[in-house]
Amino acid sequence: MSAPPGVDRRLVLRRLGQAGLILGGAGALAALGLRSRGRWAGGAGPAAIPRRDLAVDPARPAAVIAAGGAIAPMVRAAVGALGGIGRFVGAGDVVLVKPNMAWDRPPEMGANTHPAVVAEVVRLCREAGAARVIVGDVAVHDAARVASRSGIAAAARDAGAELALPDDAGFLEAALGGAVLSTWEVFRPALTATKLINVPVVKDHALTRLTAGLKNWYGVLGGTRARLHQDIDTSIADLAAAFRPTLTVVDATRVMTRGGPTGGRLEDVRPVGLVAAGTDPVALDAWGARLLGLEPRAIGYLGLAEGRGVGSIAAGDALETVRAGA
Amino acid sequence: MREAERGGIYWPRAVRRIYQAFFLALFLAALLLMTAEGIRRLPVAWLFHLDPLSAAVSLLASWSLTAALAWSLAIVALTVLAGRAFCGWICPLGTILQLASWATRRLRRGPATEHNRWRPHFALKYLLLAALLAAAALGAGIAGLFDPLSFLARSLGSGLSPALHQLVGTGGWRPRIFIGAWLTGLLFLAVLVANRWIVRWWCRALCPLGALLGLIARASIARIRIDPARCAHCNRCATDCQGADEPFARHRVAECHACLNCIAACPEGAIGFRAFAPEDAPHGGVSLPRRRVLGAAAAGVALVPLFRASTLSAAQPGPLAIRPPGAQPEAGFLATCVRCGACVNACPTSALQPALGEAGVEGLYTPVLVARQGWCEPSCLLCGQVCPTGAIRPLTIAEKGWTLEAGQGIRIGTAFFDHGRCLPWGMNVPCIVCQEVCPTSPKAIWLEEVDAVGRDGRPVRLQRPRIEPGLCVGCGLCEAKCPITDIAAVRITRIGESRETGSSFRLGNRGQLP
């Protein structure tokens, strides 16, 4: 082919430059694509769940009961008998206070943790110098409505806490390493907080018979957690082994004795007037079982949790009582 | 040599026709061979791998590229060298539409040169490309709906070929039946018939792959060029022009299919296909106002969140979005599937069907398993082998795991019994076909022996089938073989599929038996 008219050096250079750019660009993109694992490739894998419980101190009681006073002084007295809040929370800590805040019921129904118990725990944490105190739960009913109706949102905020609702706080895939729960979506504050204070309420439960501290960890799960009911005892033991609280404060100011976990009839709610606190979640649940007239060893998950080294059932029968007025 | 004037043969055009025939035959053979026994190892998806649109969409939508799609760089290189030669020499849809235009040439009124004038609406394909690439950037691989190779493959595979079977019979095979075959076929026929009015209307006005290649062709090294000194302005160069690129005026290189008909038609020998010829029309001859391109891209961007805000989307796939074994998780699947229907075409039992509503709007023409049509054959791996993009990953028998010990392999769904329709459950009539055909070992369907009472009061010994969810792989054999042949008494839905971590309804680790 003879040199066509109108061909000039500038045109040849421009065309070759464009060709190089297009081919180089396409080739580079292809190379990037071939090396990339893609948009949906997993990230770092499931998060680990940190241990936030204290080493056992034989000089201190593993759990105590507080009686005889208004709610706030009972909470203060129980924590005081354990060595004071300073043993559990220090300056700069980010504390998740995890109540049972799952149901659209007012406080007197006993379906949720009493707001006064939550508020006093928050106040103690603030006094101990916590940087942030977060109150949150993954509710069953609409979370914002529950937070309001339970009275916990207002009480916790007044006491100086921030409220974490599931939609805002979000979830992270976490490795539970359990017998049936391997990985699961977990409420983010339950993974990121430096201290974990479980503040359950003692209630009747249709499936497990008792819900108190260990069953309260159901409330940090997202996803299709209704699957847990297929083997609820093993699931709760898995949760109890994974989530080791720094401190547990049990609300037994009033106890739902029938129709749990939702309730709805005041006749089924018995005034008990007690608060318990401790570092042994199993002992506290065993004590709660007795309040409902249940034999702790008959609660499937308590035996399993004891077997995993979470705590002692027998210790629940030997709790000392402190007087809030004293 | 100029055959128009001198009666000789213009060889480059003859060579082009040989290329077109060859690639069309290759494409049709690939579609046929996908279904055949014994020749499964041929690279039947190779032509799809040449497609730069598929590669671009896959890259944008999934941020990754399956190795085979790197072949598309060859077409990019070809386009840089010689413009849209793919459209004129390789594309099997282009060849078919060229034939259809030729066959209907006498139906068009007026001189042929007027048929091949550029029309402003031919710029539509660039706007469609902008919209589809924008949608891809948000993770929606819907460009495959308009990709010419995908369009042709699914039109033939699940539109025209089953219709042909209905017309002429299958020589004893079970005729294949597909969801929406009428629509799939009609769309293709509409594109075919459009040529009666506008030559290669799809290629000129609609084809997003043509648009992508047109953008590259603006920089092509070799291109059509008229020597103005020799041009007699007879316009005969437009007589058989495929791209409506108007070589007689300011040649639109982005529209030119490099078919070379103009060279053959020129009585003056004024036209050549030349390296480093200057550009006649600015921007390849198509002006794309930035406002329009951005508007089209905005439309593509708007579509995706609307899809995602709907049920039957990646966040909430429908119960019938049962994907073939080896399919990526739904979001990645919707991003990388090019809707070519190769898997649907290859599936030996017709279990894989093109989705119309089953997988949402974003999943239009993606494959779903319809167990009423067929079942997923336990030892078959064809769909993953023919998938051109890796949307369905090629599996080994061991990975699929349906012929080995049950409970460890891939699961695509779960079977559920409808007790009212099941003979032993609803009518106290013995049956258990489902349990017989259940292919896992041990069987996922087990039998509960019960002593029931018949209507006449006499005792009836029955075996009532139940599902063991830890063993069920969702193959659909039970549903396919259930004697209740309209709405089966046992049916598959996608819950329990192993590709989605969130779809398990059973507690416990995967594969663990209760």
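Residues numbered from 1 in each chain as written. Chains lettered and ligands numbered in written order. Predicted model: local features only at pLDDT ≥ 70, side-chain atom pairs only at ≥ 80, totals over all residues. Heavy atoms only, no water.

Q: Give me the lowdown on the overall build of chain B, citing residues and values where you can.
A: A count of helical and extended segments in chain B gives 22 helices and eight strands. When each of the 514 residues of chain B is scored for burial, the buried share is 58%. Long-range pairs, those at least 24 residues apart, make up 73% of the contacts in chain B between residues at least 6 apart in sequence. As presented, chain B carries roughly 21,400 Å² of accessible surface, and 63% of it is formed by carbon and sulfur atoms. Both charge centroids of chain B, one from 52 positive and one from 31 negative side chains, sit 7 Å from each other. (Helix = DSSP H or I, 4+ residues; strand = E, 2+ residues; numbered from the N terminus. Buried < 20%, exposed > 50% of the residue type's maximum accessible area, 1.4 Å probe, protein only. Contact = heavy atoms within 4.5 Å. Areas by Shrake-Rupley, 256 points an atom, 1.4 Å probe, with all protein chains shown as cover. Lys, Arg positive; Asp, Glu negative; His and termini not counted. Charge placed at Lys NZ, Arg CZ, Asp CG, Glu CD.)

Q: Summarise the overall build of chain A; cite the residues concerned and give the values.
A: Within chain A, the regular secondary structure consists of 10 helices and 12 strands. A compact globule built from 326 residues would reach a C-alpha radius of gyration of about 20 Å, whereas chain A, at 27 Å, exceeds it by more than 25%. On the principal axes, the C-alpha backbone points of chain A span a range of 110 × 40 × 40 Å. Classification of the 326 residues of chain A by burial places 52% in the buried group. Pairs at least 24 residues apart make up 73% of the contacts formed inside chain A by residues separated by at least 6 positions. Looking at chain A as shown, the accessible area adds up to about 13,300 Å², and 54% of this sits on carbon and sulfur atoms. Positive and negative charge centroids in chain A, built from 36 and 29 side chains respectively, lie 9 Å apart. (Rg over C-alpha atoms; globule rule 2.2 N^0.38 Å.)

Q: Before we move on, could you go through the pairing of strand β7 (residues 459-467) of chain B and cite the residues and values that matter?
A: All names here are of chain B. One ladder, built from nine bridges, connects strand β6 (residues 445-453) with β7; its direction is antiparallel. Bridging across to β7, E448 finds its partner in R464. In this antiparallel pair of consecutive strands, β6 and β7, the connection spans five residues, and G457 shows a positive phi of 90°. (Pairing = 2+ DSSP bridges.)

Q: How would you explain the packing of aromatic side chains if you had to name every residue and give the values?
A: Residue and element names in this part refer to chain B. For the structure on display, the rule yields 11 aromatic pairs over all chains. Ring centres of W118 and F122 lie 5.7 Å apart, and the angle between their planes is 85°; on these two criteria the pair is classed as edge-to-face. Of the two residues examined, W118 and F122, each falls in the buried class. An aromatic cluster is present here, built from Y19, F22, F23 and W89 joined pairwise through their rings. Across the ring face of Y365, the terminal group of R154 is positioned such that the distance to the ring centre comes to 4.6 Å. (Phe/Tyr/Trp six-rings, centres within 6.5 Å; stacked < 30°, edge-to-face > 60°. Lys NZ or Arg CZ within 6 Å of the ring centre and 35° of its normal.)

Q: So what's going on with the packing of helix α7 (residues 92-103) of chain B against helix α11 (residues 181-193) of chain B? Which residues, and what values?
A: Residue and element names in this part refer to chain B. Where α7 contacts α11, the two axes come as close as 9 Å, and the packing angle between them is 55°. The orientation of α7 with respect to α11, classified from their angle, is oblique. Across the interface between the two elements, L93, I96, L97 and A100 of α7 pack against F188, V191 and L192 of α11. Partitioning the contact of α7 with α11 into residue classes produces seven nonpolar, no polar and no charged. (Axes fitted to C-alpha atoms, helices over the stretch in contact; angles between N-to-C directions. Parallel < 35°, antiparallel > 145°, perpendicular 65-115°, else oblique. Nonpolar A, V, L, I, M, F, W, Y, C, P; charged D, E, K, R; others polar.)

Q: Would you mind going over the interface of chain B and chain A in detail, with residue names and values included?
A: At the interface, 41 residues of chain B touch 34 residues of chain A. Between chain B and chain A, roughly 2,800 Å² of surface is buried when both sides are summed, and carbon and sulfur atoms account for 66% of that area. It is W63, F276 and L507 of chain B that lose the most area in chain B upon contact with chain A, and together they represent 24% of the buried surface on that side. Applying the counting rule to chain B against chain A returns zero salt bridges. At the junction of chain B and chain A, the tally comes to 11 residue pairs in polar contact (both at pLDDT 80 or more). Those elements giving two or more residues to the side of chain B that touches chain A turn out to be α4 (52-62), α5 (72-82), α9 (124-137), β2 (271-275) and α16 (330-336) of chain B. A class-by-class count of the residues in the side of chain B that touches chain A yields 26 nonpolar, 11 polar and four charged. (Buried area = accessible area lost by both parts, 1.4 Å probe. Salt bridge = Lys/Arg side-chain N within 4 Å of Asp/Glu carboxyl O. Polar contact = N/O pair within 3.5 Å; in protein donor to acceptor, adjacent residues only side chain to side chain.)

Q: Provide a residue-level description of the environment of I90 of chain B, including the pertinent values.
A: Residue and element names in this part refer to chain B. Along the polypeptide, I90 turns up in helix α6 (residues 85-90). In this structure the C-alpha to C-alpha distance between I90 and G332, which are 242 residues apart in sequence, comes to 30 Å. Setting aside anything within four residues of it in sequence, one finds I90 in contact with F23, L47, I75, L78 and A85.

Q: Give me the lowdown on the layout of surface pockets, citing residues and values where you can.
A: All names here are of chain B. Here the second largest pocket is characterised by a volume of approximately 580 Å³. What lines the second largest pocket is a set of 20 residues, among which T35, S161, H165, W173 and R176 lie closest to the centre. When residues of the lining of the second largest pocket are traced back to their parent elements, those giving at least two are α2 (11-33), α10 (148-168) and α17 (342-346). Along the lines of polarity and charge, the residues of the lining of the second largest pocket split into 10 nonpolar, seven polar and three charged. (1 Å grid on protein atoms, 1.4 Å probe; cavity = no way out; pocket = protein on both sides within 12 Å on 5 of 7 lines; lining within 4 Å. Points joined across faces, edges and corners; volume = space filled by probe spheres on them.)

Q: Go over the nonpolar core with me, naming the residues and quoting the values.
A: For soluble globular proteins, the rule of thumb is that nonpolar side chains tend to be buried together. Core analysis: the largest hydrophobic core is formed by 85 residues, its most contacted members being F27, M34, F48, F86, L93, W202 and I271 of chain B. Here this core gets six residues from one element, more than from any other, and that element is α9 of chain B. In contact with F86 of chain B, other than residues within four places in its own chain, are I75, L78, C91, L149, L209 and L213 of chain B. Core analysis: the second largest hydrophobic core is formed by 57 residues, V202, A212, L221 and I236 of chain A among them. (Core = buried A, V, L, I, M, F, W, Y, C linked by side-chain atoms within 4.5 Å.)

Q: Give a detailed account of the side chain of S503 of chain B, specifying residues and quantitative values.
A: All names here are of chain B. Residue position: S503 is located in the segment after β8 (490-493). By relative accessible area, which is 4% here, S503 ends up buried. Within the local environment of S503, its side chain forms a polar contact with the backbone oxygen of E497, the two atoms lying 2.8 Å apart. Setting aside residues up to four positions removed in sequence, S503 forms contacts with R494, I495, G496 and E497.

Q: Which residues make up the packing of α5 of chain B against helix α13 (residues 208-217) of chain B, and what values do they have?
A: Residues and elements named next belong to chain B. The contact between α5 and α13 brings their axes to 8 Å, and the two run at 50°. Classified by the angle their axes make, α5 and α13 are oblique. Relative to α13, the crossing made by α5 is right-handed. For the pair α5 and α13, contact is made by I75, V76, T79 and V80 and by L213, I216 and A217, respectively. Across the contact of α5 with α13, the residue classes tally to six nonpolar, one polar and no charged. (Left-handed = near helix turned anticlockwise from the far one by under 90°.)

Q: Please set out a nonpolar patch on the surface residue by residue, giving values where relevant.
A: Residues and elements named next belong to chain B. On the surface, a nonpolar cluster with roughly 350 Å² of combined accessible area is contributed by L164, L167 and V168. Positionally, V168 belongs in helix α10. For V168, a relative accessible area of 60% corresponds to the exposed category. (Patch = residues over 30% accessible without salt bridge, like charges linked within 9 Å, V, L, I, M, F, W, Y side chains within 5 Å.)

Q: Pulling in residues and values, what's your account of the state of the cysteines?
A: Residues and elements named next belong to chain B. Scanning all chains against the criterion turns up zero disulfides over all chains. Not part of a disulfide, C380 finds its nearest cysteine sulfur in C383, a span of 6.3 Å. No disulfide involves C422; its sulfur sits 6.2 Å from that of C434, the nearest cysteine. (Disulfide = S-S within 2.5 Å.)

Q: Tell me what's going on with the pattern of salt bridges, and back it up with residues and numbers.
A: If you walk through the whole model with that rule in mind, you get 34 salt bridges over all chains. Residue R60 of chain A is joined to D57 of chain A by a salt bridge in which the shortest nitrogen-to-oxygen separation is 3.6 Å. D57 of chain A gets classed as partly exposed once you look at its relative accessible area, which sits at 28%. With a closest N to O distance of 3.0 Å, R421 of chain B and D486 of chain B form a salt bridge.

Q: I'd like a rundown of the environment of L54 of chain A, residues and numbers included.
A: Residue and element names in this part refer to chain A. Inspection of the secondary structure assignment puts L54 in the loop between α1 (9-35) and β1 (63-67). Under the relative-accessibility criterion, L54 is labelled partly exposed at 29%. In sequence terms L54 and V122 are 68 residues apart; their C-alpha atoms lie 19 Å from each other. Contacts of L54, omitting those with residues within four sequence positions, involve R87, F88 and T246.

The analysis is restricted to geometry; functional conclusions fall outside its scope.
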